[in-house]
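Spelled out, the chains give:
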Amino acid sequence: MGFGRNPYVPKAQAAELKAADAADDIARARAYREAAHQWDRAAERETPGKQRDGYKHNAEQNRMLADGGMPIADEADVGKAWN
């Protein structure tokens, strides 16, 4: 890990991958909630701005997925990956 990098971003991404590979709904929801928690921690380490807002958006997306919903599509996010 490099100096000045946010250590929670790769943890959140790893949790998202774990959720995608989960064998059942309970494990998937738990992994998405862990990813949301890590995105929240990543957002706390950033100064206010675009990066922080993106991390908060990712946390909301993962909470929505954990609750069994569909990801929220923003107009700016259409056609882009959300993490």
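Predicted model only: the values in this text are computed from it and were never measured. (Residues numbered from 1 in each chain as written. Predicted model: local features only at pLDDT ≥ 70, side-chain atom pairs only at ≥ 80, totals over all residues. Heavy atoms only, no water.)

Attention now goes to the pattern of salt bridges. Applying the stated rule across the entire model yields 3 salt bridges. Two residues, D25 and R28, come together in a salt bridge whose shortest N-O distance is 2.7 Å. With D25 and R28 both in helix α2 (residues 25-45) and 3 residues apart, this pair spans about one turn of that helix. Among the residues examined, R28 registers a relative accessible area of 27% and is labelled partly exposed. Here R63 makes a salt bridge to D40, at a shortest N to O gap of 2.1 Å. (Salt bridge = Lys/Arg side-chain N within 4 Å of Asp/Glu carboxyl O. Helix = DSSP H or I, 4+ residues; strand = E, 2+ residues; numbered from the N terminus. Buried < 20%, exposed > 50% of the residue type's maximum accessible area, 1.4 Å probe, protein only.)

On to the packing of α2 against helix α3 (residues 50-66), then. Contact geometry of α2 with α3 gives a least axis separation of 8 Å together with a crossing angle of 165 degrees. It follows from the interaxial angle that α2 and α3 lie roughly antiparallel. Considering the relative orientation of α2 and α3, their crossing is left-handed. Packed against α2, whose contacting residues are A29, Y32, R33, A35, A36, W39, D40, A42, A43 and E44, the element α3 presents R52, Y55, K56, N58, A59, N62, R63, L65 and A66 at the interface. Residues of the contact of α2 with α3, tallied by class, amount to 11 nonpolar, 2 polar and 6 charged. (Axes fitted to C-alpha atoms, helices over the stretch in contact; angles between N-to-C directions. Parallel < 35°, antiparallel > 145°, perpendicular 65-115°, else oblique. Left-handed = near helix turned anticlockwise from the far one by under 90°. Contact = heavy atoms within 4.5 Å. Nonpolar A, V, L, I, M, F, W, Y, C, P; charged D, E, K, R; others polar.)

Below, the discussion takes up the confidence of the model for the protein chain. The predicted structure's coordinates, where accompanied by low pLDDT, should not be read in detail. Per-chain confidence: the protein chain averages 87 in pLDDT, with 82% of residues scoring 70 or above. Within the model, pLDDT remains below 50 along residues 78-83, and this stretch shows 9 contacts once partners closer than five positions in the same chain are excluded. (pLDDT = per-residue confidence, 0-100.)

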